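Understanding the architecture of this molecule
What follows is each chain in one-letter form.
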Amino acid sequence: MADQYSDIDFDDVTEQTGLAADEIKCLKVCFDLFDTKKVEFLSADDLGEIMRALGFRPTEEELKDLLLEIDEDGSGEIEFGEFCQLCATFLVDDPDMETMKRELKDAFRIYDKEGLGYITTETLRGLIGELLAPLTEEELEGILEELDEDGSGSMD
């Protein structure tokens, strides 16, 4: 399996953002999820939607200020390093457990298209398969078994 983190200079990103390696890896997975065209950057126009999907609640003014700070060349393109800097501004304070649970539920709602309060294992299979490709069927099954602790076939 190709290492999706091989092109990341963790020391550099940590120095710029104060983020730990596991946080950087998590942000890489999120970045790749939003980079649907696989062009290695995100559009500044989508910044608000992306931040809200990640559980952050910036105001329009905060978004404007952040974009000016992060997108120094004014290209309108947010590369991975810039994305980490951006997210780090919201990750400085560790949220309490209730906040984390609420934000995780908000993120799941994106994939709970029918509004049932859960996502099926099949939906999760597709998402994990896409994010962590290439995975063997055995690796994918192992991840799903670990996540679906009660064997219900859904994540809620």
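Description of the structure in this document. (Residues numbered from 1 in each chain as written. Predicted model: local features only at pLDDT ≥ 70, side-chain atom pairs only at ≥ 80, totals over all residues. Heavy atoms only, no water.)

**Quick word on the pattern of salt bridges**
Cut-off, in case you're wondering: Whenever Lys or Arg places a side-chain nitrogen within 4 Å of a carboxyl oxygen from Asp or Glu, that contact is recorded as a salt bridge. Secondary structure is summarised from DSSP: a helix means a run of H or I of at least four residues, a strand means a run of E of at least two, and numbering begins at the N terminus for each. Using a 1.4 Å probe on the protein chains alone, a residue whose accessible area is under 20% of its type maximum counts as buried, one over 50% counts as exposed, and one in between counts as partly exposed.
Tallied over the full model, the rule gives 2 salt bridges. Taking the shortest distance from any N to any O, the salt bridge between Lys28 and Asp32 comes out at 3.1 Å. One end of the pair, Lys28, and the other, Asp32, are both in helix 2 (residues 21-34), 4 residues apart, so they sit about a helical turn from each other. Classification of Lys28 by relative accessible area gives buried; the value is 4%. Residue classification places Asp32 among the buried positions, given a relative accessible area of 17%. In this structure, the salt-bridge partner of Lys28 is Glu40, at a minimum N-O distance of 4.0 Å. Here Lys28, found in helix 2, pairs with Glu40, found in the loop between helix 2 and strand 1 (41-43); they are 12 residues apart in sequence, far enough to count as distant. Overlapping salt bridges, with partners in common, bring together Lys28, Asp32 and Glu40 in one network.

**What about helix 2?**
Basically, it comes down to this: A helix is expected to span 1.5 Å multiplied by its residue count minus one. Any two residues whose heavy atoms approach within 4.5 Å are treated as being in contact.
With 14 residues, helix 2 should reach 20 Å at 1.5 Å per residue; the first-to-last C-alpha distance of 20 Å fits that figure. Looking at helix 2, one finds that the buried residues are Ile24, Leu27, Lys28, Cys30, Phe31 and Asp32. Contacts made by the buried residues of helix 2 are with helix 1 (10-17), strand 1, strand 2 (77-79) and helix 5 (80-91).

**Quick notes on the environment of Asp11**
Inspection of the secondary structure assignment puts Asp11 in helix 1. Residue class for Asp11 comes out exposed when judged on its relative accessible area of 65%. For the pair formed by Asp11 and Ala21, sequence separation is 10 residues and the distance between their alpha carbons is 8.6 Å.

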